[in-house]
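Summary of structural features
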Amino acid sequence: MEEIYKKNEYETNEIVASAIRIIGLFILMVGVLCWINVFDIYPYIINSFIAASFIPLILPTVLVNVLHKDGKWVKYVIVTCIIVFTGIAYVIFTFQTVLLFVIPSIISAFYLDKKVMWYTGICTIVNIVISHFITGFKLFQPWIEPFTDLQAIMLYGAVPRIIQYICATLLLYFLCSRVMKFFNSFYEVIREQQGPVEEEDNIKKVSELDKVLSLLTEREKSVFELLIRGYTNAQIASQLYLSVGTVKNYVSGIYDKVEIRDRTALVVKYSQYYHTYD
């Protein structure tokens, strides 16, 4: 089951990139509220924040949706981008944005990958230390920050926030572990209930697969075969000499016809059928 999630990592990258775009839109909304004087923040402060946040917030979309990168390294770049963004937010707004430090861990939980969560946790702790250290030399809003010297900022700001972050991240880590155990157990139960594959079962599987394939066009069948074998959209596009956008349209059409809109569920249900069919 864990291998299935890894094979369909590209779709998770797309979801995460979309989530980061939502964060970007939220930042723009805050900027507009500042520009029309709803929030009492100097224009140079909010403008600096938006300008500094642009690259880390737009890079995931460029990698995933424009360049269609699907390497194992992409998720780490995406998580690093959101970590950098939270550091920028704290340097400019200090304690007003302290809750943002937990966002990278929430984002990393989408991958259901313990290595990604460990990477995120360590990098975020380093990020908290660095961002607090920077505010010891430069405060954009010194009139709202109770601590102005470096020692006080690190002792009464960074240390408590690292402790709070570790507590929140451990809860997310245990939640991620619990979800993975649940899905693994659920998958094993299904396999046990299926029991040994008999000839009659093979006939039923082929029949169900034939029914699904009858709903699809010839091109959709080609996409469907690669999809349930764990290929990413970019890999399918490379195999069939199509654009990634075209593949996404085919995958969406397959979802509608098969009436399953989750890629992992589709792989779990039909990958064994295709093995029988072959």
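None of these values were measured; they are calculated from a predicted model.

Overview of the overall build of the chain
Helices and strands together make up the secondary structure of the chain, namely 12 helices and 0 strands. The linear arrangement of helices and strands in the chain, starting from the amino end, is α-α-α-α-α-α-α-α-α-α-α-α. Looking at the chain residue by residue over its 278 residues, the buried ones come to 44%. Of the contacts formed within the chain by residues at least 6 apart in sequence, a portion of 71% connects residues at least 24 apart.

Points about the packing of aromatic side chains
This model, assessed by the stated rule, comprises 8 aromatic pairs. Ring centres of Tyr76 and Tyr119 lie 5.1 Å apart, and the angle between their planes is 90°; this geometry places the pair in the edge-to-face category. Of the two residues, Tyr76 sits in helix 4 (residues 74–93) while Tyr119 sits in helix 6 (residues 114–135), which places them 43 residues apart along the sequence. Here Tyr119 falls in the partly exposed class, since its relative accessible area comes to 28%. Grouped by ring-pair contacts, the aromatic residues Phe49, Phe85 and Phe93 constitute a single cluster. Looking at Lys138, its charged tip hangs above the ring of Phe140, at a distance of 5.3 Å from the centre.

Points about the packing of helix 3 (residues 43–66) against helix 4
Relative orientation of the contacting elements helix 3 and helix 4 amounts to 175°, with a least axis distance of 9 Å. By the criterion of interaxial angle, the relationship of helix 3 to helix 4 is roughly antiparallel. Counting all contacts with helix 3, which are made through Ile45, Ile46, Ser48, Phe49, Ala52, Ser53, Pro56, Leu57, Leu59, Pro60, Leu63 and Val64, the residues of helix 4 involved are Val74, Val77, Ile78, Cys81, Ile82, Val84, Phe85, Ile88, Ala89, Ile92 and Phe93. For the contact of helix 3 with helix 4, the per-class residue count stands at 21 nonpolar, 2 polar and no charged.

Quick notes on the packing of helix 4 against helix 6
Packing of helix 4 against helix 6 brings their axes to within 9 Å, and their N-to-C directions diverge by 25°. With respect to their mutual orientation, helix 4 and helix 6 come out roughly parallel. Crossing of helix 4 over helix 6 shows right-handed handedness. Contacts between helix 4 and helix 6 involve Lys75, Tyr76, Val79, Thr80, Ile83, Thr86, Gly87, Tyr90 and Val91 on the former and, on the latter, Lys115, Val116, Tyr119, Thr120, Cys123, Thr124, Asn127, Ser131, His132, Ile134 and Thr135.

A word on helix 6
The end-to-end C-alpha distance of helix 6, which contains 22 residues, comes to 32 Å, matching closely the 32 Å that a straight helix rising 1.5 Å per residue would cover. Among all positions in helix 6, only Val116, Met117, Thr120, Gly121, Thr124, Asn127, Ile128, Ser131, His132 and Thr135 are buried. Looking straight down helix 6, one finds its buried side chains confined to an arc of 135°; they lie on one side. The exposed residues of helix 6 that point more than 90 degrees off its buried face are Lys115, Trp118 and Ile122. For helix 6, the N-terminal cap is Asp113; the gap from its side-chain oxygen to the backbone nitrogen of Lys115 is 2.9 Å.

What counts, and at which threshold
Residues numbered from 1 in each chain as written. Predicted model: local features only at pLDDT ≥ 70, side-chain atom pairs only at ≥ 80, totals over all residues. Heavy atoms only, no water. Helix = DSSP H or I, 4+ residues; strand = E, 2+ residues; numbered from the N terminus. Buried < 20%, exposed > 50% of the residue type's maximum accessible area, 1.4 Å probe, protein only. Contact = heavy atoms within 4.5 Å. Phe/Tyr/Trp six-rings, centres within 6.5 Å; stacked < 30°, edge-to-face > 60°. Lys NZ or Arg CZ within 6 Å of the ring centre and 35° of its normal. Axes fitted to C-alpha atoms, helices over the stretch in contact; angles between N-to-C directions. Parallel < 35°, antiparallel > 145°, perpendicular 65-115°, else oblique. Nonpolar A, V, L, I, M, F, W, Y, C, P; charged D, E, K, R; others polar. Left-handed = near helix turned anticlockwise from the far one by under 90°. Expected span 1.5 Å × (residues − 1). Arc of directions from axis to C-beta. Polar contact = N/O pair within 3.5 Å; in protein donor to acceptor, adjacent residues only side chain to side chain.

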